[in-house]
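A closer look at the structure
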Amino acid sequence: MQADRYDIAIVGGGLVGASLALALADTPLRLVLIEAAAPPASAPSWDERCIALNDASHQIFGRYGVWDALAPQTATITATHISERGRFGVTRFSAAEAGLAALGHNTPLRALGAELMRRVQAQSNLRFLCPARLQTLQLGEQTVELRLDSGEALRARLVVAADGAGSAVRQLLGYAAERRDYQQTALVTAVRTQRDPAGVAYERFTPEGPFALLPKPRLADDREPGYPCSLIWTLPSERAEAMQALREAEFLRAAEDCFGERLGRFLSLGRRLPHPLQRSLAEQLTAPRVVFCGNAAQSLHPVAAQGFNLGLRDVAALAERLQACALAGGDPGEAAGLAAYAAARAADRQRTAEFTDRLVRLFSNRIPLLSGLRHLGLLALDLTPPLKESVLRQNLGHRGLTA
Ligand SMILES: Cc1cc2nc3c(=O)[nH]c(=O)nc-3n(C[C@H](O)[C@H](O)[C@H](O)COP(=O)(O)OP(=O)(O)OC[C@H]3O[C@@H](n4cnc5c(N)ncnc54)[C@H](O)[C@@H]3O)c2cc1C
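Just so it is clear, the model here is predicted, and its values are computed rather than measured.

1. Looking at the pairing of strand S15 (residues 227–236)
Side chains on a regular strand alternate between the two faces of the sheet. The element S15 is largely enclosed, with a buried count of seven among its 10 residues. Where strand S12 (residues 177–193) meets S15, 10 bridges bridge the pair, whose relative direction is antiparallel. Paired with Thr193 across the bridge in S15 is Tyr227. Pairing geometry for strand S14 (residues 209–215) and S15, over five bridges, is antiparallel. For Leu213, the partnering residue across the bridge sits in S15 and is Leu231.

Dropping the structure here:
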């Protein structure tokens, strides 16, 4: 059977793969996007979660024409409030001090996923294969041959692996990833609070793990009492299992007890979804005619809400190179271009992975001396303007945009 030929095959139509497809919409490149999960659920990662998009992601989605449709479905974050349970003193970041209207936007994953899919399905230079699962991969001089579970064979000059932390592409090529099991699980749910968070995202560090509460968008027809917020509560995995089994009222009481009284009572609770947490860093960002993007390149702990924001900066950098290559009539899978991409992404990737991992280690540690040091760390962060600005720039994603 003659294999169908493409310039680029994107394996994985999650947030990263779909964003890359969209970024390449106005190019002469022939694309195929291969996603294993069947619609209408589409990518399995598009669950009940909200995702905090930082300012750099807001800018990138603005360039791709996605933001206008998305904005009404997001909750604007104008300030963050970071504290440690059992300690006085907090660190605050505000959009005003950064000279911005917002620090970020808490966005329902389903809304973002639906908007990306709507656009991708209408894209004229793209064939969308879904459900379709990549099964084998053969690297050649000029093209890569991909075989799908349907038996169909495709050829592409470049394969973009956007197939998540357990990347099938990486496994088929026999490439390694460094993995760290944090032995923690993030319980993701929604609560309604008695008082309005008024645009403030709260992160509260506890000896068991961070507890994050972020405002959710309030829909026009929402008549329920209280203010909707998303809650991400990271706990040692065994504790998370026990917390998941609690009755709703008990869980709400435990959450109130952990968070304190800033937003009054917690009035109601959504579905609790467990996400076991691991870090995974691919040892290589490229292989011959292959590039790894998003979680397939690096999957991070959600403590600092950096994972997708970093993945979207991968997308923006890769799309820029592929657009330039297409304009010049070049080969998108050419080794020198891939090496230049990997070199350009190395610093942002390393900085963001280390920043996230340091936060996890520092704030998940119960050693009393460390507890004192991290408390001093929070105070120093609040009182030392250059340090605070550096953390703010990392959170906004601006450093990665200019890397
Ligand atoms: C609790 C939690 C909270 C988070 N909060 C934030 C946040 O606030 N901000 C932030 O920036 N990040 C956040 N993240 C991280 C973010 O969710 C991920 O970085 C992002 O979803 C990764 O997207 P991806 O497309 O790279 O990978 P995935 O979402 O894993 O998508 C991979 C896709 O590839 C498909 N696939 C896999 N194998 C194959 C195959 N063989 N053939 C075809 N298709 C295949 C899968 O079906 C899937 O759809 C959070 C993560 C967690 C766990």
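2. Details of the site of the ligand
Near the ligand lie 31 residues; those nearest to it are Glu35, Ala52, Asn295, Phe308 and Asn309. The backbone of Val16 places a nitrogen or oxygen atom 3.0 Å from an oxygen atom of the ligand. A distance of 3.0 Å is found between a nitrogen atom of the ligand and a backbone nitrogen or oxygen belonging to Leu134. With three residues, helix H8 (residues 307–327) is the largest single contributor of residues to the shell around the ligand. Among the residues forming the shell around the ligand, the class breakdown is 17 nonpolar, 10 polar and four charged.

3. Here we look at the pairing of strand S10 (residues 144–148)
S10 sits mainly inside the fold: four of its five residues count as buried. Taken together, strand S9 (residues 134–139) and the strand that follows it, S10, pair antiparallel across an intervening segment of four residues. Judged from the four bridges that link them, S10 and strand S11 (residues 153–161) form a sheet pairing that is antiparallel. Of the residues in S11, the one forming a bridge with Val144 is Ala156. Adjacent in sequence and paired antiparallel, S10 and S11 are bridged by four residues, among which Gly151 carries a positive phi angle near 95 degrees.

4. Examining the packing of helix H2 (residues 55–63) against H8
The interhelical angle for the contact between H2 and H8, taken along N-to-C directions, is 40 degrees, at an axis separation of 9 Å. Taken as axis vectors, H2 and H8 run oblique relative to one another. For the element pair H2 and H8, the recorded crossing hand is left-handed. Counting all contacts with H2, which are made through Ala56, Ser57, Ile60, Phe61 and Arg63, the residues of H8 involved are Phe308, Asn309, Leu312, Arg313 and Ala316.

5. Things to note about H2
Those residues of H2 lying buried are Asp55, Ala56, Ser57, Ile60 and Phe61. The backbone nitrogen of Ala56 has a side-chain oxygen 3.2 Å away, supplied by the residue at the start of H2, namely Asn54. Where H2 ends, the next residue or the one after it, Gly65, has phi of about 75 degrees, a positive value.

6. Let's talk about the pattern of salt bridges
A full pass over the atoms with the stated rule returns 21 salt bridges. A salt bridge links Arg345 to Asp348; the nearest nitrogen and oxygen atoms lie 2.7 Å apart. You can see Arg345 and its partner Asp348 sitting in helix H9 (residues 335–363), three residues apart, about one turn around the helix. Of the residues examined, Asp348 reaches a relative accessible area of 0% and is grouped as buried. The partner of Asp348 in a salt bridge is Arg351, with the nearest N and O atoms 3.8 Å apart. Placement of the pair is Asp348 and Arg351 together in helix H9, with a separation of three residues, close to one helical turn. Judged by relative accessible area, Arg351 falls into the partly exposed class, the value being 24%.

7. Description of the sheet that holds strand S7 (residues 104–108)
Taken in spatial order, the three strands make up an open sheet running S3-S7-S4, and their pairing is antiparallel. Strands at the two margins of the open sheet, each flanked by one partner only, are strand S3 (50–54) and strand S4 (75–77). For this sheet, the mean angle separating the axes of adjacent strands, direction not counted, is 30 degrees. Strand direction decides the pairing type here: S3 and S7, joined by five bridges, are antiparallel.

8. Description of helix H4 (residues 109–121)
In this model H4 runs 18 Å from its N-terminal to its C-terminal C-alpha over 13 residues, within 8% of the 18 Å that 1.5 Å per residue would give. The set of residues buried in H4 consists of Leu109, Ala111, Leu112, Gly113, Glu115, Leu116, Met117 and Val120.

9. Considerations on the environment of Arg155
Mapped onto the secondary structure, Arg155 falls in strand S11. Judged by its relative accessible area of 24%, Arg155 is partly exposed. Separated by 3.0 Å, the side chains of Arg155 and Glu145 make a polar contact.

The rules behind each value
Residues numbered from 1 in each chain as written. Predicted model: local features only at pLDDT ≥ 70, side-chain atom pairs only at ≥ 80, totals over all residues. Heavy atoms only, no water. Buried < 20%, exposed > 50% of the residue type's maximum accessible area, 1.4 Å probe, protein only. Helix = DSSP H or I, 4+ residues; strand = E, 2+ residues; numbered from the N terminus. Pairing = 2+ DSSP bridges. Near = heavy atom within 4 Å. Polar contact = N/O pair within 3.5 Å; in protein donor to acceptor, adjacent residues only side chain to side chain. Nonpolar A, V, L, I, M, F, W, Y, C, P; charged D, E, K, R; others polar. Axes fitted to C-alpha atoms, helices over the stretch in contact; angles between N-to-C directions. Parallel < 35°, antiparallel > 145°, perpendicular 65-115°, else oblique. Left-handed = near helix turned anticlockwise from the far one by under 90°. Contact = heavy atoms within 4.5 Å. Salt bridge = Lys/Arg side-chain N within 4 Å of Asp/Glu carboxyl O. Expected span 1.5 Å × (residues − 1).

Treat this as a map of the structure, not an account of what it does.
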